[in-house]
Amino acid sequence: MTVYEEAQQANAAYASSFNLGDLQMSPAKQLAVIACMDARLNVEPTLGLQPGDAHVIRNAGGLVTDDALRSLIISHKLLGTETFFVIEHTDCGMLTFKDEQLQQRLKDETGQDAGNIPFHAFSNVEENLLGQLKKIRKSPFLPASIDLHGFIYDVETGKLNEVTQPEEDVMAEYANTDALVPTEWVAENMRDPKVRLIEVDVDTAAYDTGHIPGAVAWNWKNDLETELQRDIADKEGLERLLSKAGVDKDTTIVVYGDNNNWFAAYALWVLEYYGVDAKLMNGGRKKWIDEGRELSTDAPSYSPSKISVKGPKKDIRALRDQVMDHLDKVRKGKGALVDVRSPREYSGELLAPENLPQEGSQRGGHIPGAQNIVWSQAVNEDGTFKTADQLAELYQSQGVTPDKEVIAYCRIGERSAHTWFVLTHLLGYKNVRNYDGSWTEWGSLVGAPVEK
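Residues numbered from 1 in each chain as written. Predicted model: local features only at pLDDT ≥ 70, side-chain atom pairs only at ≥ 80, totals over all residues. Heavy atoms only, no water.

1. Let's talk about the sheet that holds strand β2 (residues 54-58)
Spelled out, the test is: Each pair of strands is called paired provided DSSP finds at least two bridges between the two strands. For the purposes of this entry, the term helix denotes a DSSP run of H or I that reaches at least four residues, the term strand denotes a run of E that reaches at least two, and both are numbered from the N terminus. Note on method: axes are straight lines fitted to C-alpha atoms, helices fitted across the in-contact stretch only, with angles between N-to-C directions ranging 0 to 180 degrees.
Here we have five strands laid out as an open sheet, ordered β2-β1-β3-β4-β5, and mixed in their pairing. In this open sheet, the two edge strands, each paired with only one partner strand, are β2 and β5 (160-163). Strand-to-strand, the axes of this sheet are offset by a mean angle of 25°, without reference to chain direction. The pairing of strand β4 (residues 147-153) with β5 spans four bridges and is antiparallel. Counted as the bridge partner of G150 is V163 from β5.

See below:
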């Protein structure tokens, strides 16, 4: 029996008991897959897929060619796919030849010039996969926020191994490449006397359970705010903190903390307000611990330094009257407001995050004209920041563009400092202020307009 006859016989048996005629056109799992055509890679059982679950596009090498990209665009725009997988594999045939070799062979066999046919042979599967993922990210017809993953399938074990863009490559695309350091850099430099690590946590007891060796702890409430009047630390207070930590003008400051660097970003904002440069550890405390890196319970002591700070740098902070004046710019399309709280806080259903006491302001809701772009949308599951392209789309798709004056706010100013960091240091926006009075102030102001 020929292969053709076997196929005809198999289809007849399949059709005799076929019961999938009511499947919808849109894939049930909202998934599209580009995979190599290799016969050893059986996509559906590898991913646990059933008929109707996903679009599967097979292409030599798992390449995102123009035609494959065309299919992805149709899949997303017309049929609702939200997740894309690109799957390549070990022992790939694309590693066994060069384009010019195959082109020459075709010419020798047919007499026709095949030099205009790109076969896209490659020499490294992982590098090629990262290149394919980048093609999808760069397409102007697909959102950068698409849930995109790349895998290398092991033909000997059947296991999928995910490949992600190296952290240093992601960070190299940010506007300010000095604003972040990876955990690896911290591990290599944490004992350098010219590097000072500062941990600032939401949970102020977290530091005592284990911290990066040599790191000092700052309490966001006691150290970064004044005791009686609600305000950020004054110059003298910040100078005392820096002196106690042994920081001088030649020290490299790296801040990190829990909750994906909430209060670490706030501390960096306060430091910049007074003209002190600092860096953020990408991924914060969570990533450091998840990687199994060294922790210490010893609180270090440093010789006091002599340091004076500048400032204040008033153009990165918004006070309530400035926010009130800003409303007119928002209405005219010259300004933007970013409410970085959760949707339930934005709507007025909650006054604070769900896990906190529901107090702090007299009214719920949001400032008129504010776009609700939750701070956590800027980070990945491991706490690191998303790519520059993803971040740009996140904000610009909501009208928060670089040409506008932007004010970010939350409940008390720490989550909005995180967004301020993203907009200024990662995306390079030139005119962004953090309204640290935020909703605890605005929601209790007599006469302040509120929307729900």
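More follows now that the structure is in view.
2. Re the environment of D258
Worth spelling out the cut-off: In this analysis, two residues are considered to be in contact whenever any of their non-hydrogen atoms come within 4.5 Å of each other. By the criterion applied in these results, polar contacts are pairs of N or O atoms within 3.5 Å in which, for protein atoms, one can donate a hydrogen and the other can accept it, and in which residues neighboring in sequence qualify only through two side-chain atoms.
Along the chain, the position of D258 falls in helix α9 (residues 258-273). It is 9.5 Å that separates the C-alpha atoms of D258 and Y207, two residues lying 51 residues apart in sequence. The contacts of D258, once residues within four sequence positions are left out, are V200, D201, V202, D203 and R285. Among the polar contacts listed, one links the side chain of D258 to the backbone nitrogen of V202, at a separation of 2.7 Å.

3. Points about the packing of α9 against helix α14 (residues 414-426)
As a reminder, the rule being used: Throughout this description, any angle smaller than 35 degrees is read as roughly parallel, any larger than 145 degrees as roughly antiparallel, any in the 65 to 115 degree range as roughly perpendicular, and the remainder as oblique. Here a crossing is taken to be left-handed if its near helix is turned anticlockwise relative to the far helix by less than a right angle, and right-handed if that turn runs clockwise. Amino acid classes used here: Ala, Val, Leu, Ile, Met, Phe, Trp, Tyr, Cys and Pro are nonpolar; Asp, Glu, Lys and Arg are charged; the rest, including Gly, are polar.
For the pair α9 and α14, interaxial distance at closest approach is 7 Å and the crossing angle is 70°. As summarised for this structure, α9 and α14 are arranged roughly perpendicular, according to the angle between their axes. When you trace α9 past α14, the crossing you get is left-handed. Of α14, the residues touching α9 (which contributes N260, N261, W262, F263, A265, Y266, L268, W269 and E272) are E414, R415, A417, H418, W420, F421 and H425. Grouping the amino acids of the contact of α9 with α14 by side-chain chemistry returns nine nonpolar, four polar and three charged.

4. Considering the sheet that holds strand β11 (residues 335-339)
Ordered by their spatial adjacency, four strands build an open sheet running β12-β11-β13-β14, and the pairing between neighbours is parallel. At either margin of the open sheet sits one strand with a lone partner, and together these are β12 (371-372) and β14 (432-435). Note: β11 against strand β13 (residues 405-409), five bridges, orientation parallel. Considered in β13, the bridge of D339 is made with Y409. Sheet strands in contact with helix α11 (residues 320-331) are β11, β13 and β14, and its direction is about 120° off that of β11. Taken strand by strand, α14 contacts β11, β13 and β14, and its axis lies near 175° from that of β14.

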